[in-house]
Amino acid sequence: MRTVAEWKATLRAALKDALRTRNAPASAVLRETLAAIDNAEAPDLSVAPEAVVGGAIAGGTEGLGSGEVARLLLSPEAVDALIQREVQERRDAVALYTQLGRHEEARALQAQVEVLLAL
């Protein structure tokens, strides 16, 4: 199984190739997947330091780096599950678009599914 860093490197390399070849569906799905990973790593705001009221900068904290909050560390299994969830969401949308007779949208989403499965 790949590490989180390997997943990100693979996704970024695939995105670079997709942008170079102007593959819009691949670019979109790779960007969305990288954003989903970044969002999953976002820290919980409840652990953020309290803002200083009446300080030099409204809502700031005092001291260099005192407002920094470490990002969450995902496990490789969590990243794999996240990617599988992205695939499943698109498969569900393909089925819905096909049912509604919107075949062009279904084809675009199916292309995105194939990009993720090829990783």
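Just so you know, the residues in each chain are numbered from 1, in the order the chain's sequence is written. Local features in a predicted model are, by the rule used here, given only for residues with pLDDT of at least 70; side-chain atom pairs are given and counted only at 80 or more, and totals for whole chains, interfaces and linings are based on all residues. Side-chain metrics rest on all non-hydrogen atoms present in the structure, leaving aside hydrogens and water.

**Section: the overall build of the protein chain**
Thinking step 1. Comment: elements are numbered from the N terminus, with helices defined as DSSP H or I runs of at least four residues and strands as E runs of at least two. In terms of helices and strands, the protein chain carries four helices and zero strands.
Thinking step 2. Across the protein chain, helices and strands are ordered from the amino to the carboxyl terminus as α-α-α-α.
Thinking step 3. Between buried and exposed lies partly exposed: a residue is buried under 20% and exposed over 50% of the maximum accessible area for its type, with that area taken using a 1.4 Å probe on protein chains only. In the protein chain, which comprises 119 residues, the share counted as buried stands at 24%.
Thinking step 4. By definition, residues are in contact when any of their heavy atoms lie within 4.5 Å. Taking the contacts inside the protein chain whose residues are at least 6 apart along the sequence as the reference set, 60% of them involve residues at least 24 apart.
Thinking step 5. Per-residue and other accessible areas were derived by the Shrake-Rupley procedure at a 1.4 Å probe size, with only the shown protein chains allowed to occlude residues. Split by element, the accessible area of the protein chain, about 7,900 Å² in all, is 56% carbon and sulfur.

**Quick word on the packing of helix α3 (residues 76-99) against helix α4 (residues 103-117)**
Thinking step 1. To define axes, lines are fitted to C-alpha atoms, for helices over the stretch in contact only, and angles between the resulting N-to-C directions are given on a 0 to 180 degree scale. As a packed pair, α3 and α4 sit with axes 8 Å apart at the nearest point and diverge in direction by 160 degrees. Looking at the two axes, α3 sits roughly antiparallel to α4. You can see that α3 and α4 cross each other, and the crossing is left-handed. Each of Glu-86, Val-87, Arg-90, Arg-91, Ala-93, Val-94, Tyr-97 and Thr-98 in α3 lies in contact with α4, whose residues at this interface are His-103, Glu-105, Ala-106, Leu-109, Gln-110, Gln-112, Val-113, Leu-116 and Leu-117.
Thinking step 2. For the contact of α3 with α4, the class distribution of residues is nine nonpolar, four polar and four charged. Orientation is classified from the angle alone, with under 35 degrees giving roughly parallel, over 145 giving roughly antiparallel, 65 to 115 giving roughly perpendicular, and any other angle giving oblique. By convention the crossing between two helices is left-handed if the near helix lies anticlockwise of the far one by an angle smaller than a right angle, and right-handed if it lies clockwise. Amino acids outside the nonpolar list (Ala, Val, Leu, Ile, Met, Phe, Trp, Tyr, Cys, Pro) and the charged list (Asp, Glu, Lys, Arg) are all regarded as polar, and Gly is one of them.

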